[in-house]
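Next come the chains, spelled out residue by residue.
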Protein chains: 2
Amino acid sequence: MELTDRKKRVLRSIVDLYIRTAEPVGSKAIAEMPDMNYSSATIRNEMADLTAMGYLEQPHTSAGRVPSAAGYRLYVDELMADYRLSIDETRSINCAIEEKMQRVDKMVEKVARLVSQATDLPAISVASRRGGATVKRFDLILAGAGSFILVMMLSTDEVVNKLIKLPLRVEEADLKLLAAVLNATMTDLSADAFTPALMERVMASADSAASLVPVIVDFTADVLRRQNSTNMAVAGQARLLDQPEYRNIDKAQRVLTGLDEETLSGLPAVMQNASGTQVLVGPEHVAQELKDTSVVMTKFDIGDGLQGMIGVVGPTRMDYAKVTARLSYFAESLSKMFNKPEQPQLPEHTDIDPK
Amino acid sequence: MELTDRKKRVLRSIVDLYIRTAEPVGSKAIAEMPDMNYSSATIRNEMADLTAMGYLEQPHTSAGRVPSAAGYRLYVDELMADYRLSIDETRSINCAIEEKMQRVDKMVEKVARLVSQATDLPAISVASRRGGATVKRFDLILAGAGSFILVMMLSTDEVVNKLIKLPLRVEEADLKLLAAVLNATMTDLSADAFTPALMERVMASADSAASLVPVIVDFTADVLRRQNSTNMAVAGQARLLDQPEYRNIDKAQRVLTGLDEETLSGLPAVMQNASGTQVLVGPEHVAQELKDTSVVMTKFDIGDGLQGMIGVVGPTRMDYAKVTARLSYFAESLSKMFNKPEQPQLPEHTDIDPK
DNA sequence: GTTAGCACTCAATCTCTCTGAGTGCTAAGC
DNA sequence: GCTTAGCACTCAGAGAGATTGAGTGCTAAC
């Protein structure tokens, strides 16, 4: 059977209406729409065809039709109209973003909260690092009898440090020597180069300071490994319960259980090679728990070798056009914000962890 | 009317049973309990009295009784039996804790998740700093033409750093001078000492390096302020829906909305002066959204000037004895873990933020 | 190809009754 | 004077029909 233009128009109207009402859509409702100059019987025939083709489903005989996953897919890819953000919407998104974002983890949390607020749905926000970091330079600063500070400049232009306390005397001279050794042997190595063999080699060259080596090597490897880690936050889970499909507690619970950082950790991978805004409809999903939801995600650039991602989780019947529009605008604004010219007066980014 | 011993026994039995069943408790059920050698009629009289005294409530005439907030209060403070953890329980808590916890923010998240798992309820975990930090020492390391690294050792024994890039040449000599000035004027000052006046004083002494001062002063003030900040995580919100009282979506939604970091930020303050495990029953609450829940919280010591806190949010009818027991055990284990003798082989704590 | 008409289906809603758990009160018993 | 058996009363909740109405598929006429 062929998917005529009229069939597409009918399908589109059905999805639109279903998105608004969350109720199965009947032939009469479609026939009565302004641009639809056919009787309900005709629409009924078309609907029967669309059902046969797999774009619609019928909860039970005497109910209207509901879009199937394939129906949504078609809608998202071809049929849906662009949603234009109102000035009010852009303004409220903008001023939400304006606030300073300092640490990455806090930033990720805040972005998640903002996105959730802007879309009235649970939101995810991720910051992940591209590629492996290496150490560009080591410095050691004596800090007291048995303690010194290890400072590492990374290839990402970040600086990482650690106060190391040992139950033995540390001399200024040892540190000087050790720093030289470290800079000679351990710079420009990625995380997986930190093997026991390397450790031995470094210890051999370190001479009288050999006892300090293990702590440093372990720590360095740890930091590099951690550089590849991703930061993720979820916010606004409770908003899911605003959606009529989750008035059913068991459904709601299943989805809410799936809405934590651990279960969602597979999402960034899906976006890896994708660009622009991505819509995952129901069954295409990663996490089992989310099988009757949809996820809309989009990437953006944070700068400093970081890759940002924001996304929204909602019922399969969500207003894709609106959500996509808001998400894209959000992503664009965030990209701009993070990549705007640096102002020398202000710290451009912060490497602290107020433990 | 006097609260006789028998009345207390009846009340206790009612709360116990209600905690188990989540159903209003009738006189017959109490009368049939092993140690209760009275007829249901007698119990009925006692229940009528307890209702008059405000410890019980009646959903409707022909239903049983339900404990009121006052009833729970009395139960928690006086009546409830100690719950002994089974070996299995302690073991599973222990091995959950065993995993290494590295960064504070990650640690807080993980603890929240563990606590939630151990109690089957949504959990909160907080790490907050006691008292104001100061800088003990400044170091400046030249890192390139227009950039240098600022390293600060704090009174908390933490080390914080920042790579500063400026659109001007920086000389080794300037940095030496500046470091001396900073160490002379800006050490041992708490966050609120960082006024514009201080900035001017420092700039005056900094001589040729004066242009570097603003960035440094701002950053330092910022770090010190941030040192007082608290880290909070919430986990397992979805578990709330396991509880029969939250089969009602609207109730569930209200509470879930209240279960985010922002709304709960008032909780730590409540614990400020309290010690041991604290039970907040319903109306005594901070957040409006949580008015028909209870919160059980307990403090523990993380070391390094950090104060930990874990808590659980659940229906007013939660198994206080069990939750309290698990929480206390958890807190104790965490205290032990964080304060165990340092092992020189391993980094004892980490000050990085892999932005 | 389109549409009016009609018989059919079936979830949802409403009404009504019934059931039983639970109560309060009274009067008899220890 | 405390305890208890007994009884009348209340009322939420479950279950059984009956009713409604939105929606369908099919057919025959336009």
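In this text, all values refer to a predicted model and were calculated from it rather than measured experimentally. (Residues numbered from 1 in each chain as written. Chains lettered and ligands numbered in written order. Predicted model: local features only at pLDDT ≥ 70, side-chain atom pairs only at ≥ 80, totals over all residues. Heavy atoms only, no water.)

Enquirer: Is there a simple way to think about the domain arrangement of chain A in this case?
Expert: Along its sequence, chain A is organised into domain 1 (5-79), domain 2 (100-130 + 229-338) and domain 3 (135-227). Distance between the C-alpha centres of domain 2 of chain A and domain 3 of chain A: 39 Å. (Domains from an automatic or database assignment.)

Enquirer: Sorry if this is basic, but what is going on with unusual backbone geometry here?
Expert: Peptide bonds are, in most cases, trans, and in most cases residues other than glycine have a negative phi. In this model, aspartate 120 of chain A sits at a positive phi of 60°, which is unusual for a non-glycine residue. Positionally, aspartate 120 of chain A belongs in the loop between helix H6 (104-119) and strand E3 (123-129). (Helix = DSSP H or I, 4+ residues; strand = E, 2+ residues; numbered from the N terminus.)

Enquirer: Explanation requested: the packing of aromatic side chains in the structure shown.
Expert: All names here are of chain B. By the definition in use, this model includes two aromatic pairs over all chains. For the cation-ring pair, arginine 6 lies above tyrosine 38, with the distance from its terminal atom to the ring centre recorded as 4.4 Å. The lysine or arginine in question, lysine 162, covers the ring of phenylalanine 219, its NZ or CZ lying 5.9 Å from the ring centre. (Phe/Tyr/Trp six-rings, centres within 6.5 Å; stacked < 30°, edge-to-face > 60°. Lys NZ or Arg CZ within 6 Å of the ring centre and 35° of its normal.)

Enquirer: It is not clear to me how the packing of helix H1 (residues 5-21) of chain A against helix H4 (residues 69-79) of chain A should be interpreted in this structure. Could you clarify?
Expert: A pair of packed helices is captured by two measures, namely the crossing angle of their axes and the spacing between those axes. Residues and elements named next belong to chain A. Between H1 and H4, the least distance of the axes is 10 Å, while the angle of their chain directions is 105°. With respect to their mutual orientation, H1 and H4 come out roughly perpendicular. Facing H1, whose interface residues are Lys8, Leu11, Arg12, Val15, Asp16, Tyr18 and Ile19, H4 presents Gly71, Tyr72, Leu74, Tyr75, Glu78 and Leu79. (Axes fitted to C-alpha atoms, helices over the stretch in contact; angles between N-to-C directions. Parallel < 35°, antiparallel > 145°, perpendicular 65-115°, else oblique. Contact = heavy atoms within 4.5 Å.)

Enquirer: Even after reading the chapter, I still don't get helix H10 (residues 249-258) of chain B, so can you show me in this structure?
Expert: An α-helical segment advances 3.6 residues per turn. Residues three or four places apart therefore align on the same side. Residues of H10 of chain B that are buried: Ile249, Ala252, Gln253, Val255, Leu256 and Gly258 of chain B. Measuring from the backbone nitrogen of aspartate 250 of chain B back to the side-chain oxygen at the start of H10 of chain B gives 2.8 Å, which picks out asparagine 248 of chain B as the cap. (Buried < 20%, exposed > 50% of the residue type's maximum accessible area, 1.4 Å probe, protein only. Polar contact = N/O pair within 3.5 Å; in protein donor to acceptor, adjacent residues only side chain to side chain.)

Enquirer: Looking at this structure, I do not really get the protein's contact with DNA strand C. What am I missing?
Expert: Near DNA strand C you find 21 residues, and of these Arg6, Thr42 and Ser62 of chain A together with Ser27 and Arg65 of chain B are the closest. The sugar-phosphate share of atoms of DNA strand C within 4 Å of the protein amounts to 78%. Here a phosphate oxygen of DNA strand C sits 2.7 Å away from a polar atom, N or O, in the side chain of serine 27 of chain B. Elements with a contribution of two residues or more to the surface near DNA strand C: helix H3 (40-52) of chain A together with helix H3 (40-52) of chain B. In terms of residue count, the dominant contributor to the surface near DNA strand C is H3 of chain A (four residues). Partitioned by chemical class, the residues of the surface near DNA strand C number four nonpolar, 13 polar and four charged. (Near = heavy atom within 4 Å. Nonpolar A, V, L, I, M, F, W, Y, C, P; charged D, E, K, R; others polar.)

Enquirer: Honestly, the pattern of salt bridges in this entry has me stumped. Any pointers?
Expert: Two side chains with opposite charge may pair up if their charged atoms get near one another. All names here are of chain B. Summed over the entire model, instances satisfying the criterion amount to 31 salt bridges over all chains. Two residues, glutamate 46 and arginine 6, come together in a salt bridge whose shortest N-O distance is 2.6 Å. Placement of the pair is glutamate 46 in helix H3 and arginine 6 in helix H1 (residues 5-21), with a sequence separation of 40 residues. Note on glutamate 46: relative accessible area 5%, which makes it buried. (Salt bridge = Lys/Arg side-chain N within 4 Å of Asp/Glu carboxyl O.)

Enquirer: It is not clear to me how the sheet that holds strand E8 (residues 277-281) of chain B should be interpreted in this structure. Could you clarify?
Expert: Strand pairing in a sheet is mediated by backbone hydrogen bonds. Such pairs are either parallel or antiparallel. Residues and elements named next belong to chain B. In spatial order, the strands read E7-E3-E10-E9-E8; together these five strands make up an open sheet with antiparallel pairing. Looking along the sheet, the strands with just one partner apiece sit at the ends: strand E7 (230-235) and E8. Adjacent strand axes in the sheet meet at a mean angle of 15°, parallel and antiparallel pairs treated alike. In the sheet, strand E3 (residues 123-129) pairs with strand E10 (residues 306-315) via seven bridges, with the strands oriented antiparallel. (Pairing = 2+ DSSP bridges.)

Enquirer: I would appreciate a short explanation of the protein's contact with DNA strand D in the present structure.
Expert: Lining the immediate environment of DNA strand D, one finds 21 residues, of which Ser27 and Arg65 of chain A together with Arg6, Thr42 and Ser62 of chain B sit closest. Each atom of DNA strand D within 4 Å of the protein was classed as base or backbone; sugar and phosphate made up 81%. The separation between a sugar or linking oxygen of DNA strand D and a polar main-chain atom of alanine 63 of chain A is 3.4 Å. Between DNA strand D and the protein, one listed contact pairs a base oxygen with a side-chain N or O atom of arginine 44 of chain B at 3.2 Å.

Enquirer: Please clarify how the side chain of serine 116 of chain A should be interpreted in this entry.
Expert: Residues and elements named next belong to chain A. With respect to the helices, strands and loops of the structure, serine 116 is situated in helix H6. Here serine 116 falls in the buried class, since its relative accessible area comes to 0%. At 2.9 Å, the side chain of serine 116 and the backbone oxygen of leucine 121 are in polar contact. Those residues in contact with serine 116 that sit more than four places away from it in its chain are Leu121, Pro122, Ala123, Ala235, Gly236 and Arg239.

Enquirer: Where do I start with the packing of H1 of chain B against H3 of chain B in this structure?
Expert: Residue and element names in this part refer to chain B. In contact at an axis separation of 10 Å, H1 and H3 are set at 90° when each is read in the N-to-C sense. Judged by the inter-axis angle, H1 sits roughly perpendicular to H3. Where H1 abuts H3, its residues Arg6, Lys7, Val10, Leu11 and Ile14 lie against Thr42, Ile43, Glu46, Met47, Asp49 and Leu50. Along the lines of polarity and charge, the residues of the contact of H1 with H3 split into six nonpolar, one polar and four charged.

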